[in-house]
Amino acid sequence: MNYYKYVFCILTYRNTEDIKECLSSIEEKVSDYKVVIVNSYYDATSEGILRDIAERNNCDFISVPNKGYGSGNNQGIQFIREHYDYEFLI
């Protein structure tokens, strides 16, 4: 299991532009990190764009049914706990 000091769980819904800015900001300010993008499914088009953003930025990507903010975050946290060791989960 890979270790990172910081693991970010970022839930997104259709918003493809803000995620780019968020990832850029994390890259500028943090070292030893991993990002997991959790797509709260809206449509195949936005999912494809977000998947591409994740791949280009070396992020993990999971797509989950849109059952609200809490559900998406919980599924992202579960994924992180199963795949990573970390000091901080953000």
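Just so it is clear, the model here is predicted, and its values are computed rather than measured.

Participant: Help me out: how do you make sense of the sheet that holds strand S1 (residues 2-12) in this one?
Facilitator: Sheet strands pair by backbone hydrogen bonding; their relative direction is either parallel or antiparallel. Taken in spatial order, the 4 strands of this open sheet run S3-S2-S1-S4, and their pairing is parallel. The open sheet has two edge strands with one neighbour each: strand S3 (60-64) and strand S4 (84-89). Shown here is a sheet whose adjacent strand axes are inclined to one another by a mean of 40°, direction ignored. With 5 bridges joining them, strand S2 (residues 33-40) and S3 adopt parallel strand pairing. Counterpart to Ile-37 in the pairing with S3 is Phe-61. Packing against the sheet, helix H1 (residues 16-29) makes contact with S1 and S2, and its axis sits at approximately 165° to S2.

Participant: Can you help me understand the pattern of salt bridges in this one?
Facilitator: Pairing is possible between side chains that carry opposite charge, provided their charged atoms lie close to one another. Within the structure shown, the criterion is met by 4 salt bridges. Note that Glu-17 and Lys-20 form a salt bridge whose closest N and O atoms lie 3.4 Å from each other. Highlighted residues: Glu-17 and Lys-20, both in helix H1, separated by 3 residues, approximately one helical turn. A relative accessible area of 48% places Glu-17 in the partly exposed class. Note that Arg-51 is salt-bridged to Glu-47, the shortest N-O span being 3.7 Å. With Arg-51 and Glu-47 both in helix H2 (residues 44-56) and 4 residues apart, this pair spans about one turn of that helix. Residue classification places Arg-51 among the partly exposed residues on the basis of a relative accessible area of 35%. Judged by its relative accessible area of 17%, Glu-47 is buried.

Basis of the calculations
Residues numbered from 1 in each chain as written. Predicted model: local features only at pLDDT ≥ 70, side-chain atom pairs only at ≥ 80, totals over all residues. Heavy atoms only, no water. Pairing = 2+ DSSP bridges. Helix = DSSP H or I, 4+ residues; strand = E, 2+ residues; numbered from the N terminus. Axes fitted to C-alpha atoms, helices over the stretch in contact; angles between N-to-C directions. Contact = heavy atoms within 4.5 Å. Salt bridge = Lys/Arg side-chain N within 4 Å of Asp/Glu carboxyl O. Buried < 20%, exposed > 50% of the residue type's maximum accessible area, 1.4 Å probe, protein only.

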